[in-house]
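# Commentary on secondary and tertiary structure
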Amino acid sequence: MKVKFRHPERVVDVAGPARVGDMLARLDVNPETVLVIHAGELVTKDVVIPDDAEVEVRPVISGGAGAAKCSTCRATAVIEIPRHRAAYCAPHFIDHVRSQVRDAISRHRMLSYNDRILVAVSGGKDSLALWDVLLDMGYRADGMYLGLGIGEYSDRSADIVRAYAEARGATLHTVDLAEEYGYAIPETTRLRNRSSCGVCGLSKRYAFNRIAVDHGYDVMATGHNLDDEAAQLLGNVLRWQTPFMARQSVVLPATDGGMAKKVKPLYRLGEREMAAYCIVQGINYIVEECPMVGGNTVLRFKEALNELERHSPGTKAQFLFGFLDRVRPQHFEGADTDAGALVACTSCGQPTTPSRGGGDAVCAFCRTRVHVLRQIGRRRDAARAAVPEGVDA
Ligand code: SF4
Ligand SMILES: [Zn+2]
Ligand SMILES: [Zn+2]
């Protein structure tokens, strides 16, 4: 059979017929990190694939069942979820995703049906799936896309998000980082003390909050999933970054000073489930990873957790949910003292912490933006100076 891998693209021949699980083992692929698609359908690990077939192995990490029977109706399953010891057919899998989202929303009082919700949509599987689930559940959810200026990758993501919004008749806000704030993410490489992903994350948080507050949204929802949150927690624990642990939450309340409420309704669902959701629902999403992801350390923590999950299904969920349900309320509730004492940034007016020395309080975004624009200016000057006189630069 021909086994086609996505991102990076390659085709491998494997002798068939073979079970999906055996085929992945032969290729040394961790089944936790991929979905297998045959003839346009998801297939589980005990499905036998004929020798003349073509299958696609699609990675699902952001930043990589005879056939099993559905646990609900006993029809042929399209996905197995080892941590729930369950498998689902397509309609019951959609029910499973919605029930996990419903559970997340009600446990943490994330949303009400009266709320106007702004979903941060990137074109990736998680944020599009989140928007889709919320719309299907009857929430008043609009989208916002931030153009990061990362070449073809950003162009394609923008097209995908626009097409989705149009197909659903949903409202989409679009902001371009370069037009609005003067820089694109690729210009932030090689900065002193700041990684591109760091600048990117800060810019996203700032721009989304700004639109949410300016347009009077009650709450902002992001597509962070179980893998994202567990990896973040692992990183914080490994370095004992207790202030970050105090701030790690799946719901952050609004503050008087102008910070919108933020929620993460997908935190009980893994990335594999979100990719499967998009495939089952026919949602087109950007499969390629952001080309700048190399600087993102969260990926390594995801890989480590996937290795643990492969041998002990449920590890990721126990690790994250234990923190959210027991450790955080007992040891970190109220520890995020920053939230209580916000003042307006003297440059942009958005909320920030007061300056320690009693001087002007300038928010992290404005400080970073000044630094980035200065560096870009210097580079442009240097490039101009390097052009010999009389040559058009
Ligand atoms: S990988 Fe880094 S640069 Fe790319 S979208 Fe994510 S945070 Fe931004
Ligand atoms: Zn079923
Ligand atoms: Zn500011």
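Criteria and cut-off values
- Residues numbered from 1 in each chain as written.
- Chains lettered and ligands numbered in written order.
- Predicted model: local features only at pLDDT ≥ 70, side-chain atom pairs only at ≥ 80, totals over all residues.
- Pairing = 2+ DSSP bridges.
- Helix = DSSP H or I, 4+ residues; strand = E, 2+ residues; numbered from the N terminus.
- Contact = placed C-beta atoms within 7 Å.
- Axes fitted to C-alpha atoms, helices over the stretch in contact; angles between N-to-C directions.
- Parallel < 35°, antiparallel > 145°, perpendicular 65-115°, else oblique.
- Nonpolar A, V, L, I, M, F, W, Y, C, P; charged D, E, K, R; others polar.
- Domains from an automatic or database assignment.
- Near = placed C-beta within 6 Å.
- Left-handed = near helix turned anticlockwise from the far one by under 90°.
- Buried ≥ 20, exposed ≤ 12 C-beta atoms within 10 Å, placed from the backbone.
- Core = buried A, V, L, I, M, F, W, Y, C linked by C-beta atoms within 7 Å.
- Right-handed = clockwise from strand over helix to strand, strands pointing away.

This paragraph deals with the sheet that holds strand β4 (residues 34-38). In a beta sheet, neighbouring strands pair by backbone hydrogen bonds and run either parallel or antiparallel. Across the sheet, which stays open at both edges, the five strands sit in the order β2-β1-β7-β4-β5 with mixed pairing between neighbours. In the strand order of this sheet, the two ends are held by β2 (10-13) and β5 (41-42), each with one partner. The pairing of β4 with β5 spans two bridges and is classified as antiparallel. Within the sheet, the bridge partner assigned to His38 lies in β5 and is Glu41. Its contacts with the sheet place helix α9 (residues 271-281) against β4, β5 and β7 (54-59), and it is angled at close to 25° to β4.

Before going further, it helps to spend a moment on the packing of helix α7 (residues 226-238) against helix α10 (residues 298-311). Angle between the axes and distance between the axes: these two values describe a pair of packed helices. For the pair α7 and α10, the least separation of the axes is 9 Å and the interaxial angle reads 105°. As far as their axial angle goes, α10 and α7 are roughly perpendicular. Residues Asp227, Ala230, Ala231, Gln232, Leu234 and Gly235 of α7 form the contact with α10, whose participating residues are Val298, Phe301, Lys302 and Leu305. Looking at the contact of α7 with α10 residue by residue, the class counts come to six nonpolar, two polar and two charged.

Looking now at the domain arrangement of the protein chain. For the protein chain, the assigned domains read domain 1 (2-88), domain 2 (90-332) and domain 3 (343-382). Computed from C-alpha atoms alone, the centre-to-centre distance between domain 2 and domain 3 is 25 Å. By residue number, the principal contributor to the side of domain 2 that touches domain 3 is helix α6 (residues 196-214), which donates four residues.

As a matter of local geometry, ligand 1 sits amid nine residues, with Cys197, Cys200, Cys290, Met292 and Val293 nearest to it. The residue makeup of the shell around ligand 1, split by class, is six nonpolar, three polar and no charged.

With that settled, consider the packing of helix α2 (residues 90-107) against α9. One can describe the packing of α2 onto α9 by two numbers: an axis separation of 10 Å at closest approach and a directional angle of 130°. The orientation of α2 relative to α9 falls into the category oblique. Relative to α9, the crossing made by α2 is left-handed. Facing Ala90, Phe93, Ile94 and Val97 of α2, the residues of α9 in contact are Glu273, Ala276, Tyr277 and Val280.

It is worth spelling out the environment of Ala165 at this point. Among the secondary structure elements, Ala165 is positioned in helix α4 (residues 151-168). We classify Ala165 as buried; it has 20 C-beta atoms within 10 Å. Sequence spacing of Ala165 and Val175 is 10 residues, and the spatial spacing of their C-alpha atoms is 15 Å. For Ala165, the contacting residues outside a window of four places in its chain are Gly143, Ala170 and Leu172.

Our next topic: the nonpolar core. Judged by nonpolar contacts, the single largest core of 90 residues is most densely connected at Ile117, Val119, Leu134 and Met220. By residue number, the principal contributor to this core is α6, which donates seven residues.

Right, let's get into the pairing of strand β10 (residues 116-120). Across the five residues that make up β10, a large majority, four, are buried. As paired elements, β10 and strand β11 (residues 140-147) share five bridges and run parallel to each other. Residue pairing across strands places Val119 opposite Gly143, the latter belonging to β11. Handedness of the β10-helix α3 (residues 125-136)-β11 crossover: right-handed.

It is worth spelling out unusual backbone geometry at this point. At the junction of Gly16 and Pro17, the peptide bond is cis and its omega measures out at -5° in the coordinates. Although it is not a glycine, Ala39 sits at a positive phi angle of roughly 50°. Along the polypeptide, Ala39 turns up in the loop between β4 and β5. Here Ala39 falls in the exposed class, since 9 other C-beta atoms lie within 10 Å of it. Backbone geometry at Arg109 places phi at a positive 45°, although glycine is not the residue there. Note on placement: Arg109 falls in the loop between α2 and β10. What makes Arg109 exposed here is the crowd of 10 C-beta atoms within 10 Å.

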